[in-house]
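Close look at the chain arrangement
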There are 2 protein chains.
Amino acid sequence: MTTSTARLPNVNDRPDDQDRPNHQDRPYHHGRLRATLLAEAERALQEDGVEALSLRDLARRAGVSHAAPRRHFADRQALLDALAEAGFTRLADEVQAAVEDAGTAAQDAGFSARLRAGAGAYMRFAVRDAALMELMFAAKNTGDSAGPQEAAERLFAVIGGLIGQGQQAGALPSGDPFRFQLLFGATLQGIAAFVTSGRIPPGQADALVTDAVALFTRNAAP
Amino acid sequence: MTTSTARLPNVNDRPDDQDRPNHQDRPYHHGRLRATLLAEAERALQEDGVEALSLRDLARRAGVSHAAPRRHFADRQALLDALAEAGFTRLADEVQAAVEDAGTAAQDAGFSARLRAGAGAYMRFAVRDAALMELMFAAKNTGDSAGPQEAAERLFAVIGGLIGQGQQAGALPSGDPFRFQLLFGATLQGIAAFVTSGRIPPGQADALVTDAVALFTRNAAP
DNA sequence: ACCTGAACACCGTTCAAGT
DNA sequence: ACCTGAACACCGTTCAAGT
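Below: a short report on this structure. Worth saying up front: this structure is predicted, and the values here are computed from it rather than measured.

How each quantity is defined
Residues numbered from 1 in each chain as written. Chains lettered and ligands numbered in written order. Predicted model: local features only at pLDDT ≥ 70, side-chain atom pairs only at ≥ 80, totals over all residues. Heavy atoms only, no water. Axes fitted to C-alpha atoms, helices over the stretch in contact; angles between N-to-C directions. Helix = DSSP H or I, 4+ residues; strand = E, 2+ residues; numbered from the N terminus. Parallel < 35°, antiparallel > 145°, perpendicular 65-115°, else oblique. Left-handed = near helix turned anticlockwise from the far one by under 90°. Contact = heavy atoms within 4.5 Å. Nonpolar A, V, L, I, M, F, W, Y, C, P; charged D, E, K, R; others polar. Buried area = accessible area lost by both parts, 1.4 Å probe. Salt bridge = Lys/Arg side-chain N within 4 Å of Asp/Glu carboxyl O. Polar contact = N/O pair within 3.5 Å; in protein donor to acceptor, adjacent residues only side chain to side chain. Near = heavy atom within 4 Å.

Turning our eyes to something else, we now look at the packing of helix α6 (residues 146-168) of chain A against helix α7 (residues 177-196) of chain A. All names here are of chain A. Contact geometry of α6 with α7 gives a least axis separation of 9 Å together with a crossing angle of 120 degrees. Here α6 lies oblique to α7, going by the angle between them. Once α6 is placed against α7, the crossing between them reads as right-handed. Here α6 contributes Phe156, Ile159, Gly160, Ile163 and Gln167 to the contact with α7, which in turn contributes Pro177, Phe180, Gln181, Phe184 and Gly185. Looking at the contact of α6 with α7 residue by residue, the classes come out as six nonpolar, four polar and no charged.

Structural data, given as structure tokens:
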């Protein structure tokens, strides 16, 4: 892991280099700093995880001073909230698109296929952006942060709509659709957590999703 | 949130106070530093979350120098791994105890009750120790850290044993018990994640668990 | 309105030295 | 074997000042 040529003090080291202004040949106003910070943050999150995400580092990459992000994000948590919010929106979009791609047939078999397609999109997102997913479902989001919470509702609405269609088509048992939606959503989230935490190999996620869909759609006819 | 008497520079401030040795009237060797650090860490984790967990702070509370923990935990992640490992062990114990308390009747109705009891214990742990739960299922645990992984297997063995009993008693459909176990575990974990992330009110967790157990045990008879 | 620079109070990690 | 003290390279956050 650690190379044998560990870092040694060097005469070329400039101790206060960390915040070296590389923001000289640039207009005083960045223009779209908020968007730049978010984009860099998403990349850093995916590549190195939450821990490695620092405001000072993002500022450096954006070519502004370390205090500049303050205008756009009150603190580090506000940045994380914005990331989670964007994550929910993107996940909702991807699930919806996958469901629509799977056709609009409202028959029994067609519905299972759509459910599987939606669940598959969910899993792909969870595996690709595991750190983001953790952020989205972090316990911290409980108290404040209305942004993520609202974006999350969009995702649940997509799942809820799908469940409703399944019930209308007779592919799912009738019953409180909201509880059905929560249970199915929780199952997806749980499988995702098992995969991203390495409890099960990613290859087995598909089989588990298939099992889950089968379990939910099994006794459709009364 | 912030009081009006914000912190101002004060002549009494001793800049280097942070690591003030409060470890003077103590033998040079602490004796049980590792256990003390873990206990303090568990408390800090529960009260203030992972972010607030610092090795320096733990060292201060234990009354040792900031470099002392190094002997027992190679770095911060090693401490987190140890916490996750202990968490899995404790969760496995609590689920097992709850299942045993619910009786040993292997009949249909008895099994559902035992399954609900185990699931309930899982949820209580997840709500009480939300931050620890996040640590246990963090994506970071993927690569290294064999400790948590092994302790997690104990938990899965408890769930798997329960599933196996249900199948033998005819309370669960026959089929690959391992996949059943994973799916049920994932469902529990997903419900827990929804509760701790505030997606659903804690009061609704019980209803969801009941729904999940009903779904799994529904079509037992072939 | 948006950004900079300096300052403050923290971190984790390393390492020679102490007991 | 276990712990200390000093040092290094980072953090987040604040705030007066600049444009």
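Before going further, it helps to examine the interface of chain B and chain A. Across the contact, 43 residues belong to chain B and 43 residues belong to chain A. Both faces combined, the contact of chain B with chain A buries some 3,600 Å², and carbon together with sulfur accounts for 60% of it. Our count for the contact surface shared by chain B and chain A stands at four salt bridges. As a salt-bridge pair, Glu51(B) and Arg76(A) come within 3.8 Å of each other at their nearest N and O atoms. Taken together, the links from chain B to chain A amount to eight residue pairs in polar contact (both at pLDDT 80 or more). Among the elements of the structure, α3 (76-101), α5 (130-136), α6 (146-168), α7 (177-196) and α8 (205-217) of chain B are those that each provide at least two residues to the side of chain B that touches chain A.

Close to DNA strand C lie 28 residues; Ser65(A), His66(A), Tyr28(B), Arg56(B) and Arg60(B) are nearest. In the interface set of DNA strand C, defined as its atoms within 4 Å of the protein, sugar plus phosphate atoms amount to 53%. Residue His72(A) places a side-chain N or O atom 2.9 Å away from a phosphate oxygen belonging to DNA strand C. Separating a phosphate oxygen of DNA strand C from a backbone N or O atom of Arg76(B) is a distance of 3.0 Å. Looking at which element gives the most residues to the surface near DNA strand C, the answer is helix α2 (residues 55-62) of chain B, with three residues. By residue class, the composition of the surface near DNA strand C is nine nonpolar, nine polar and ten charged.

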